[in-house]
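Each chain, written out:
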Amino acid sequence: MIKTKILRVDPVNPELKLIKEAANVIRSGGLVVFPTETVYGLGANAYDPKAVVKIFKAKERPLDNPLIVHICKLSELEEAARKVPEEVYIIAKKLWPGPVTVIVWKSDKVPREVTAGLPTVAVRMPAHPVALKLIEFSGVPIAAPSANLAGKPSPTTSEHVIRDMYGRVDVILDAGETLFGVESTIIDVTRKPPVLLRPGPIPVEKLEEVLGIKIKIPAFARGIREAEKALSPGVRYRHYAPETPMVIVESSNYGNYRDYALKVMEVARKYSMKGLKVCILASTETKDYYDASEFRVMVLGSRKNLYEVARNLFKMLRMLDELNVDIAVCEGFEEKGLGLTIMNRLRKASGYNIVRVG
Ligand code: TXA
Ligand code: MG
């Protein structure tokens, strides 16, 4: 057990004294949990292999799953990477600081512990005042995965972080709830054309518009099981999973709310008829079609505002395990824009337990 200090900071105008205190912990090889605009990260000095190894221990993360290096200025990218392709400068100019991570060739400065021995490194500049100040005051890039225990949904609130990381890290910077609620979009720009490794808050359509080129979307980036073994080591692991079994009801027509909801309810009823307690994860548009006396109904958000759905997603998954239900039946979303990101997380969370209803 490590003694953990919780420092409450203002998310918009962080108290610089507190950030300095946390930065000193980074500089002396310790672990700091910090907020980003996506989810909370579990950070250490990216150039200190001993500190980086502590991250894997604290998270119980397999050592072959590489970390993202967080930077606060472009010169840090140029130090950590080599042969930086043009696409990265476009992304940096248009989307950084922001929730996009690029995979680039690594320089010798980055220890193998960060990249799990890969010749490439993941880099991003987060758009959170606390994260940016922490990196700046530390004077080094910060290697950080999401601050959850391995296998748990990424933490989007300080309560999640405290539950998973209290006693395992030196400092937790508590700045309340994060903005996007899902992890950054990851794009591998060492390949031509670039390959999407993980959909995130910046939709792939936006990246294509900014870069002016097509991006390859492999099946595993959609959360399709058969393709999981390929490419990024991290995508192989079961992620985001609640303890409660989950099934996703996928359709090719989510637009007819009533029709779709009735199909979802049919699936749910198969379980409730067996005497199982069922929770339906619904949307604002469909929630009223479900029989609230038969099912527990939780609302993820509106189909017309997928940012809301994304922001609530991991919170809901963690909440599920406290509801004492036997199974969750979850609605699907069209794989456009943020819908791709949401479906990637949902499919993984369900362990690829999918029912198609046409
Ligand atoms: O929004 C985010 O990205 C958050 C915040 C804290 O920045 N971080 C995050 O980190 O989600 P993590 O470790 O949970 O996910 C990083 C993913 C993993 O799936 C890992 O395998 C992949 O990035 N990754 C890291 N380095 C890579 C590399 N060189 N090549 C391919 N994939 C890589
Ligand atoms: Mg993670």
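Criteria and cut-off values
- Residues numbered from 1 in each chain as written.
- Chains lettered and ligands numbered in written order.
- Predicted model: local features only at pLDDT ≥ 70, side-chain atom pairs only at ≥ 80, totals over all residues.
- Heavy atoms only, no water.
- Phe/Tyr/Trp six-rings, centres within 6.5 Å; stacked < 30°, edge-to-face > 60°.
- Helix = DSSP H or I, 4+ residues; strand = E, 2+ residues; numbered from the N terminus.
- Buried < 20%, exposed > 50% of the residue type's maximum accessible area, 1.4 Å probe, protein only.
- Lys NZ or Arg CZ within 6 Å of the ring centre and 35° of its normal.
- Near = heavy atom within 4 Å.
- Polar contact = N/O pair within 3.5 Å; in protein donor to acceptor, adjacent residues only side chain to side chain.
- Areas by Shrake-Rupley, 256 points an atom, 1.4 Å probe, with all protein chains shown as cover.
- Nonpolar A, V, L, I, M, F, W, Y, C, P; charged D, E, K, R; others polar.
- Pairing = 2+ DSSP bridges.
- Axes fitted to C-alpha atoms, helices over the stretch in contact; angles between N-to-C directions.
- Parallel < 35°, antiparallel > 145°, perpendicular 65-115°, else oblique.
- Left-handed = near helix turned anticlockwise from the far one by under 90°.
- Contact = heavy atoms within 4.5 Å.

J.: Could you clarify how one ought to interpret the packing of aromatic side chains in this entry?
T.: Aromatic ring pairs are reported here in terms of the distance separating the ring centres and the angle at which the planes meet. This model, assessed by the stated rule, comprises two aromatic pairs. On the numbers, 6.0 Å between centres and 50 degrees between planes, the contact of Phe180 with Tyr307 is tilted. Of the two residues, Phe180 sits in the loop between β9 (171–174) and β10 (185–188) while Tyr307 sits in helix α10 (residues 306–320), which places them 127 residues apart along the sequence. Judged by centre distance (4.9 Å) and plane angle (85 degrees), the rings of Tyr254 and Tyr260 are edge-to-face. Across this residue pair, the class does not change: Tyr254 and Tyr260 are buried. The aromatic ring of Phe137 is capped on one face by Lys20, whose charged end is 5.1 Å from the ring centroid. We note Arg303 situated over the ring of Phe333; from NZ or CZ to the ring centre the distance is 4.5 Å.

J.: Any chance you could explain the site of ligand 1 here in plain terms?
T.: Near ligand 1 lie 25 residues; those nearest to it are Thr38, Arg61, Asn65, His70 and Ser184. In the environment of ligand 1, an oxygen atom lies 2.7 Å from a nitrogen or oxygen atom belonging to the side chain of Asn65. Here an oxygen atom of ligand 1 sits 2.9 Å away from a polar atom, N or O, in the side chain of Arg198. For ligand 1, the protein covers 96% of the area, taking 680 Å² as the surface of the free molecule. Broken down by secondary-structure element, the contributors of at least two residues to the shell around ligand 1 are β4 (68–70), β7 (120–124) and β11 (195–198). Of the residues belonging to the shell around ligand 1, the class tally is twelve nonpolar, nine polar and four charged.

J.: For this particular structure, what's the right way to read the pairing of strand β6 (residues 100–106)?
T.: Strand residues, when the strand is regular, have side chains that alternate between the two faces of the sheet. Most of β6 is tucked away, with six of its seven residues classed as buried. With two bridges connecting them, strand β5 (residues 81–82) and β6 associate as antiparallel partners. Pairing of Arg82 across the sheet is with Trp105, part of β6. Relative to β10, β6 runs parallel, the two being bridged by four bridges. When the bridges of β10 are listed, Val100 appears paired with Thr185. Inspection of the sheet shows β6 paired to β7 by four bridges, in the antiparallel sense. Looking at the pairing, Ile103 lines up with Ala122 of β7.

J.: I tried to follow the packing of helix α1 (residues 16–27) against helix α6 (residues 129–138) on my own but got confused; where do I start?
T.: To characterise two packed helices, one gives the angle between the axes of the helices and the distance between these axes. Two elements in contact, α1 and α6, have axes separated by 8 Å at closest approach and are oriented at 55 degrees. One finds that α1 runs oblique with respect to α6. When the axes of α1 and α6 are compared, the crossing they make is right-handed. Across the interface between the two elements, Leu16, Ile19, Lys20, Ala22, Ala23, Ile26 and Arg27 of α1 pack against Val130, Lys133, Leu134, Phe137 and Ser138 of α6. A per-class count over the contact of α1 with α6 returns eight nonpolar, one polar and three charged.

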